[in-house]
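Here's the letter readout for the chains.
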Protein chains: 2
Amino acid sequence: MSPTGDGARPGEPRQPELDRDRFPVDPWRLTELRYEPGDTSVAETLFAVGNGFLGFRGNNAEGRRAHEHGTFVNGLHETWKIRHPESAYGFAEVGQTIVNAPDSKIMRLYVDDEPLALDEADLLDYSRTLDFRDGVLRREILWLTPAGKRVRVTSSRMVSFPERHLAIMSLEVTLLDSDAPITVSCQLLNRQDGEDEYAGSGGGGDTKILNDPRKAQRVSERVFEPHEHWQNDGRSVLSYRIANSGMTLAVAADHSIDTENEYSVEHYCDEDIAKTVYSVAAKQGAPVRVTKTVSYHSSRRTPTRELIDRCQRTLDRTRAEGVELQYRKQREWLDDYWARSDVEIPGHDDVQQAVRWNLFHLAQAAARADGLGIPAKGLTGSGYSGHYFWDTEIYVVPYLSYTSPIWARNALRSRATMLPLARERARALNEAGALFPWRTINGEEASAYYAAGTAQYHINADITYALAKYVDATGDVDFLAEGAVDIAVETARMWMTLGFWRHNGDSTFEIHGVTGPDEYTTVVNNNLYTNVMARFNLRYARKVVRAIERARPDAYDRMVTRLRLRREELDEWERAASTMAIPYSEALEIHPQDSHFLEREVWDLAATPEEQKPLMLHFHPLVIYRFQVLKQADVVLALFLQGDQFTQREKLADFDYYDPLTTSDSSLSNVVQSIIAAEIGYRDLALKYFLHTAFIDLADLHNNTADGVHVASAGGVWSALVNGFGGMRDYDGTLSFDPRLPTDWPELSFRLIWHGTRILVTLRTESMRVSVIEGGGGVSFRVRGTTYRVSAESDIEIRLDGQGPVLEGAPSQDTNSRYRREDGSIMRPSMPTVTDSIPVIGA
Amino acid sequence: MSPTGDGARPGEPRQPELDRDRFPVDPWRLTELRYEPGDTSVAETLFAVGNGFLGFRGNNAEGRRAHEHGTFVNGLHETWKIRHPESAYGFAEVGQTIVNAPDSKIMRLYVDDEPLALDEADLLDYSRTLDFRDGVLRREILWLTPAGKRVRVTSSRMVSFPERHLAIMSLEVTLLDSDAPITVSCQLLNRQDGEDEYAGSGGGGDTKILNDPRKAQRVSERVFEPHEHWQNDGRSVLSYRIANSGMTLAVAADHSIDTENEYSVEHYCDEDIAKTVYSVAAKQGAPVRVTKTVSYHSSRRTPTRELIDRCQRTLDRTRAEGVELQYRKQREWLDDYWARSDVEIPGHDDVQQAVRWNLFHLAQAAARADGLGIPAKGLTGSGYSGHYFWDTEIYVVPYLSYTSPIWARNALRSRATMLPLARERARALNEAGALFPWRTINGEEASAYYAAGTAQYHINADITYALAKYVDATGDVDFLAEGAVDIAVETARMWMTLGFWRHNGDSTFEIHGVTGPDEYTTVVNNNLYTNVMARFNLRYARKVVRAIERARPDAYDRMVTRLRLRREELDEWERAASTMAIPYSEALEIHPQDSHFLEREVWDLAATPEEQKPLMLHFHPLVIYRFQVLKQADVVLALFLQGDQFTQREKLADFDYYDPLTTSDSSLSNVVQSIIAAEIGYRDLALKYFLHTAFIDLADLHNNTADGVHVASAGGVWSALVNGFGGMRDYDGTLSFDPRLPTDWPELSFRLIWHGTRILVTLRTESMRVSVIEGGGGVSFRVRGTTYRVSAESDIEIRLDGQGPVLEGAPSQDTNSRYRREDGSIMRPSMPTVTDSIPVIGA
């Protein structure tokens, strides 16, 4: 887990090193075998549990020192007035920050009145396991108390996938050596408005961290206004209204104890805490088991009284059914998930473990988001303030579309509900149609730095792209016809007014003053990624409007009325698309990232010391923007998403140019580089980038896993496997494969759902096998130019003549001397330097 | 004073309309004849008095309702931590805001215990006069009290020019009809930390104003920490330390009464207020005169006890000399000022009045700034937070260099003292040398919006330019040699690392990622103004280093050691200067504002409704930046400052191109447009721009005079007269004239000091006369190619063959159809439009 890179070559990804004594290899579990008091922040993220609605960080049940005591309900946020030190018209005005919901994880343990506190405890044995198959987090410790008594403490924690509002926790204590009084104190604690008396720091205060835009904004005044709170019959209830956003929340907990020992129970409840305390006269060998079932309900406006009722119904049902049934339903739910979603890499259990950890966290981030968005960190931390970004659409929705399409549909519905606010935002920025916010929870723009925020207009095409992925994979035209088409139409309209026809010889449609995915170059003209995706957006809008006209004339008429759609608009969209400015350098035979990118100086990444990375934490934006240097793949991402718009030769040339300029300071970069490296034949490099992505959190490669899981990167793990090594593409609704299996991987298999039919694809070095595992329809697909059709009746086995691209003059792995100037000479990269300090005037 | 423009053509300046019944024409005074309770905010600025160190807004002595009760001490500021909602490395961290010093203007009057409050009072007569010759603000009112008694109230206020720390106020009350008890309550009041009980609003809170970057930042917590305060023998003393900045302040006041009536006096003093209250049993016709002398001293670190001593010495001396002497000294001081500085426009008393009002305020802003900077609003309001900008160097220092050179020297010294911090800032932004802050009080960068702040690297060349102006006008090489040269050298070094040689065919020195003076286009490559000024900076540094080597070998050696100057650097500077990228369009035969300016869409100013101006308050920066539209002259400013680097034909073409794109939303724009319009022969337009500049505050043409005087614009009034109509230039130290007198002006005369010799230049339609009015040396100058030399012995009279440029195909005033595309066709300007709102999805 060393944060030091290997410095091998610019752009080369840091290779992961995981402490396998602490985190052993296991294809179906992440287990921690050693508790490290000084190093819990990352593990809090790695062992987080959640279901897309509710999330718990992997804090100790004892509730003591933590990097961040995190309990998150998707979308539960506070708003605050953004105070720009120098403001301007149209700047985002309302900040939004996910809040820390009342902590129900706390089950404090005292033996002989001595508290168990893991940081100080004498632990004879320790293990913690997150099981990807049953979805339960379990911890077992053997504690030698200060009095010399050995105590076995077994605990578990589960957030239910089938029951969206339910979590179950248990704590079992057994005295191994002698009798002793035991106390178990179960709590619901509002940490947002007052810290736990035992809590530690809770987030750094040094300057560097304050400048880190990836951190959450903190809200300072009281956030949770207390409403009804009470205790009754082992049930505790707290409820709140959030001060500015007006959202409401109720949390309720049931408690039960199972023991042969004598015990008593006490209760305490005020507006910020509810305690249920069991005092047990425990005998040696007689276990004490305390179980806590918790329910959270939240709403934008439902009264808390109603939310409390909902919590009670959830708990009543659980009480009636028993917790064991919940564990079984969780297991069944996950069996089904893995049957749809698993990717197998035989012979590489370490990689297999990392892949499944990522896929498991994708389920935890997306499964029960239902009508809400998928935050950049899921519900595992407050990083990025719980906001929704383009990450979901580009890195997560494609995975969902192919494995759990209803989740993809839900994610897209969350965007559709933002359309009214997106229309308002478009008008505020003088555009037609709809302009989606760069970052948001409630649909309003929350980005307070427009150059790397609002200027990223590409998010509008990204959302339409995700819609297309879903529709292509499912054939769900009704979803489009009944309203989702509005996304495509309104974003197309936005592009039409954002861009303009520039008359300079030829007439080209240009889009100025935008920022592409690469945030190290901002507010440019004709960002290639943006223009290519806008072109797609315009054409897709036209295509689906026509498709609805054919397939659903009734819905078509409603749509025309609803959107005041004019037939000429469709022609204007095509005209803009067909004349779209696509920067190209004849001299370098590459696509410049924007119209003027090649005029910039080249940043010498090889000469940049490690301690000055990531660049954004060590250089003023004005310095970074002045150079050819990338935070993340930008042109290269376009080569992937719109791959049928580029030749193989162009992809090779572009990748060769940009790869050495790419810092991958964004966690989104490596996956894209892996996919295109695989496509153009850099198989070793593709694997390196893939491994970096797969271990980005497990090995904390960006030094910020403590803030939460990189959910988009997790989605990218699947893409790198399926699109990268599997070579799967679905241009314009046609499924195809061109495998590029890593050299030392004997096999790779994955599942896909295509228009309701579930298939299994198994790649080996010499062959590719496709079989239908569920659903009656056959699936047609192409492999290297040949069309096949698999059906439930017969699998298909295709012989492969090796892996990799069929491209003349296949590239070598040696990509040095790639810096060429426009005039053909070799570039000498420079980098910003500071001369020796010069003494001040003596006078 | 209507804020509506005439809409005649885009870019055409609004012509002033002043209510002459309220503000009558008077060449030497500004008089207000009618009190308008609802409209005092602008007048508070117009009638402000100050001396460059201390300034009072024109608030009523009664201290009641005001737009802003302002008492300002130059440089007296509070600091605060800037909280960027999304921060990044190198963003300004310390905000700086001028504070409201304790208000000593207050002299409340009660007759029959009824307070005089102008807003409600029954005023039978009212007049207020600021006299530019004696430097005293006087007010006379005749008040009919509620009891029906007529009371004459005469008051005066003066901030002394010769005595930097002294102000004198008086109030004389005479009962015309009958006897009555009179109370005069003299106060020192800390308004910064608690409002006057009688105070009104004090500044708007609507959203529009919050978005206006020209407003002051407000500081919310207690700012003045009270130190010693006391009263003794009619003297009141308050003293403070400012909480975060640590600055110190003392204010002391002496009070005296002169009356034949019986009276008593009472005192009250706490940490925030000191009162001296005279209760007089006034007889009809027996005047009561109360005089207050006040002294302010402040410091960055001197203890308040010491500052109190200084205040006492100032007051003791004044007490000994008497106030009448102070009035005489003020008059003498101003006689001298006008003898050096006056510009006369016979036959146009209205314009004459406006010109003198501007020149008077220049003295009030600059005279006793001494080692401090000159704030953008002088000391007349808190606009722009009391910060120093480039305005001083480009718009004010040239005027000072030619009329009051010691003030120019002082202003430049204030920059020299910032060099250590400018070096630190350069290092933080990865540059060599020194990088001056875009806006500052204490020398640290306070600009919180880099795109229109830190990115304006041109300020470094602007400071060097001002230094050159001063040295050229005075010949003060010793000032350079003893340290000021460091400014030129360190800024030259900054340019060397900021720019780079781009190899693309020819090798050009390019400067990327900067913002020019026009803040409607930001962070561009090769801003023409910046590059032209950087070229000047590089060459000037080389020139003066060599000059010092020749003239002051001793100082040269010290300089080389101090700056670690290498001889090769001089050659590098010249190489960069000679290969500097200067954007030029062969197709349009104009200089693009930056490398890519012409690729932008053209904003149609003629079609932009008045209520959407200024653009910055009605459009998001991203929208504005996407278009060809200017906040202020940018290329055109370069044509003036570096006029010998451009041909007349280029100036004409550039002006023709940019003038219709220029909104003049910046108050700095009109003066430059006036000067170049005059130079290329647009005499009517030059006059319109000049008149706009001259009346910008008097007629409140930018609707923000309430925030303070536009000091740079005031400097521009002089430049428009002398450089514009007078055609004066001083390229490379050579004085020259090419007059362009407005058609209906019979005469224009102005004074200049050239190397210590004071000359008077008188222009008439057919001739130009130059005479020496002080100093023994002669002065050489050129007029239209011929060299002349004037000496004390003989005036020179030159016949002029008309006014205006000698340029083939002289331009017509018709500048429509000037929009040409690069391909030669006519542009159809577009502007951002918003389509009709579209209904939201019904579902």
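What you see is a predicted model; the values in this text were computed from it and never measured.

Conventions adopted
- One numbering rule holds for all chains: residues counted from 1, following each sequence as written.
- Each chain is given a letter, starting from A, and each ligand a number, starting from 1, according to the order in which they appear as written.
- Local features in this predicted model are restricted to residues of pLDDT 70 or higher, and side-chain atom pairs are both shown and tallied only at a pLDDT of 80 or more, whereas totals for entire chains, interfaces and linings draw on every residue.
- In computing side-chain properties, one takes all heavy atoms of the structure into account and sets aside hydrogens as well as water.
- Remark: exposure states derive from per-residue accessible area (1.4 Å probe, protein chains only) relative to the maximum for the residue type, with buried under 20%, exposed over 50%, and partly exposed in between.
- Strands are runs of DSSP state E lasting at least two residues, helices are runs of H or I lasting at least four, and both sets are numbered from the N terminus onward.
- Note on pairing: two strands pair once DSSP finds at least 2 bridges between them.
- Confidence of the predictor at the level of single residues is given by pLDDT, which spans 0 to 100.
- The criterion used for residue contact is that any of the two residues' heavy atoms lie within 4.5 Å.
- In these notes, a set of buried Ala, Val, Leu, Ile, Met, Phe, Trp, Tyr and Cys residues joined through side-chain atoms within 4.5 Å is what counts as a nonpolar core.
- To get an axis, a line is fitted to the C-alpha atoms, and for a helix only the part in contact is used. The angle between two axes follows their N-to-C directions and goes from 0 to 180 degrees.
- Here is the rule: rings of Phe, Tyr and Trp (six-membered ring for Trp) pair when centre to centre is within 6.5 Å. Planes less than 30 degrees apart are stacked, more than 60 are edge-to-face, and the remainder are tilted.
- In protein, a polar contact requires one atom able to donate a hydrogen and another able to accept it; more generally it is a pair of N or O atoms within 3.5 Å, and residues adjacent in sequence count only if both atoms are side-chain atoms.

### Notes on the pairing of strand E12 (residues 166–175) of chain B
All names here are of chain B.
Here's step 1: Extensive coverage of E12 is indicated by the burial of 9 of its 10 residues.
Here's step 2: Linkage of strand E11 (residues 150–159) to E12, two consecutive antiparallel strands, is achieved through a turn of 6 residues.
Here's step 3: The pairing of E12 with strand E19 (residues 288–299) spans 8 bridges and is antiparallel. Bridge pairing links Met169 to Lys292 in E19.

### Focus on the sheet that holds strand E4 (residues 71–73) of chain B
Residue and element names in this part refer to chain B.
Here's step 1: Within the open sheet, the 3 strands sit side by side as E2-E3-E4. Their pairing is antiparallel. Edge positions in the open sheet fall to strand E2 (49–50) and E4, since each of these has one partner strand only.
Here's step 2: Pairing of E2 with strand E3 (residues 54–56), which is carried by 2 bridges, proceeds in the antiparallel orientation. Counterpart to Gly50 in the pairing with E3 is Gly55.

### Examining the confidence of the model for chain A
Residue and element names in this part refer to chain A.
Here's step 1: Confidence along chain A averages 91 in pLDDT terms, with 91% of residues attaining 70 or more.
Here's step 2: In the predicted structure, residues 1–10 sits below a pLDDT of 50 and forms 26 contacts with residues beyond four places in sequence or in another chain.
Here's step 3: Taken as a whole, residues 806–843 scores under 50 in pLDDT and shows 89 contacts with residues more than four places along the chain or in a different chain.
Here's step 4: Taken together, the chains of this predicted complex give a pTM of 0.92 and an interface ipTM of 0.90.

### Observations concerning helix H16 (residues 648–658) of chain A
Here's step 1: What H16(A) keeps buried is the set A:Lys651, A:Leu652, A:Asp654, A:Phe655, A:Asp656, A:Tyr657 and A:Tyr658.
Here's step 2: In this structure, the buried side of H16(A) is in contact with strand E24 (627–628), helix H15 (635–641), helix H17 (669–680) and helix H18 (683–694) of chain A.

### Regarding unusual backbone geometry
Here's step 1: Omega for the peptide link from A:Lys613 to A:Pro614 comes to -5°, which places this bond in the cis form.
Here's step 2: Locating A:Pro614 in the fold gives a position in the loop between strand E23 (601–602) and helix H14 (621–625).
Here's step 3: A positive phi angle, near 65°, is found at B:Asp113, a position not held by glycine.
Here's step 4: Summarising the element assignment, B:Asp113 is placed in the loop between strand E7 (107–111) and strand E8 (114–115).
Here's step 5: Within the chain, B:Val523 stands out as a residue other than glycine whose phi angle is a positive 50°.
Here's step 6: By secondary structure assignment, the location of B:Val523 is in the loop between strand E22 (506–510) and helix H11 (528–551).

### Notes on the pairing of strand E22 (residues 506–510) of chain A
Walk down a regular strand and you will see the side chains alternate between the two sheet faces.
Residues and elements named next belong to chain A.
Here's step 1: Sheet analysis places strand E21 (residues 500–504) next to E22, joined by 5 bridges and oriented antiparallel. Paired with Phe500 across the strands is Glu510, a residue of E22.
Here's step 2: Hairpin geometry of E21 and E22 is characterised by an intervening segment of 1 residue between the two adjacent antiparallel strands and by a positive phi of about 80° at Gly505.

### Things to note about the side chain of A:Ser667
Here's step 1: As for its placement among the helices and strands, A:Ser667 is situated in the loop between H16 and H17.
Here's step 2: Each residue touching A:Ser667, except ones within four places of it in the same chain, is listed here: A:Ile696, A:His702, A:His710 and A:Ser713.

### Description of the nonpolar core
Here's step 1: Core analysis: the largest hydrophobic core is formed by 505 residues, its most contacted members being A:Phe690, A:Leu721, B:Phe690 and B:Leu721.
Here's step 2: Those residues in contact with A:Phe690, other than ones at most four positions away along the chain, are A:Val351, A:Val355, A:Ser674, A:Val717, A:Ala720, A:Leu721, A:Phe725 and A:Trp745.

### Looking at the sheet that holds strand E16 (residues 248–259) of chain A
Residues and elements named next belong to chain A.
Here's step 1: Spatial strand order, E1-E9-E10-E11-E12-E19-E16-E15-E14: 9 strands in an open sheet with antiparallel pairing. Every other strand in the sheet has two partners, leaving strand E1 (29–32) and strand E14 (224–232) as the edge strands with one partner each. Direction aside, the axes of adjacent strands within the sheet are offset by 15° on average.
Here's step 2: Looking at chain direction, strand E9 (residues 122–131) and strand E10 (residues 137–144) are connected through 8 bridges and run antiparallel.

### Let's talk about the environment of B:Glu306
Here's step 1: Considering the arrangement of structural elements, one finds B:Glu306 in helix H3 (residues 304–321).
Here's step 2: For B:Glu306 and B:Tyr395, which are 89 residues apart along the polypeptide, the C-alpha to C-alpha distance reads 37 Å.

### Digging into the packing of aromatic side chains
Here's step 1: Under the definition given, this model contains 78 aromatic pairs over all chains.
Here's step 2: For the ring pair B:Phe690 and B:Trp745, a centre distance of 5.7 Å and an interplane angle of 80° mean the geometry is edge-to-face. One end of the pair, B:Phe690, is in helix H18 (residues 683–694); the other, B:Trp745, is in the loop between strand E25 (736–737) and strand E26 (747–754), and 55 residues separate them in sequence. The two residues B:Phe690 and B:Trp745 agree in class, both being buried.
Here's step 3: Of the aromatic side chains, those joined through ring pairs into one cluster are A:Trp28, A:Phe132, A:Phe161, A:Trp333, A:Tyr337, A:Trp338, A:Phe360 and A:Trp407.

### What about the side chain of B:His458?
Residue and element names in this part refer to chain B.
Here's step 1: Residue placement: His458 occurs in helix H9 (residues 458–474).
Here's step 2: His458 gets classed as buried once you look at its relative accessible area, which sits at 0%.
Here's step 3: Separated by 2.8 Å, the side chains of His458 and Gln456 make a polar contact.
Here's step 4: Ignoring sequence-local partners within four residues, the contact set of His458 consists of Trp390, Trp438, Trp495, Thr515, Gly516, Pro517, Tyr529 and Thr530.

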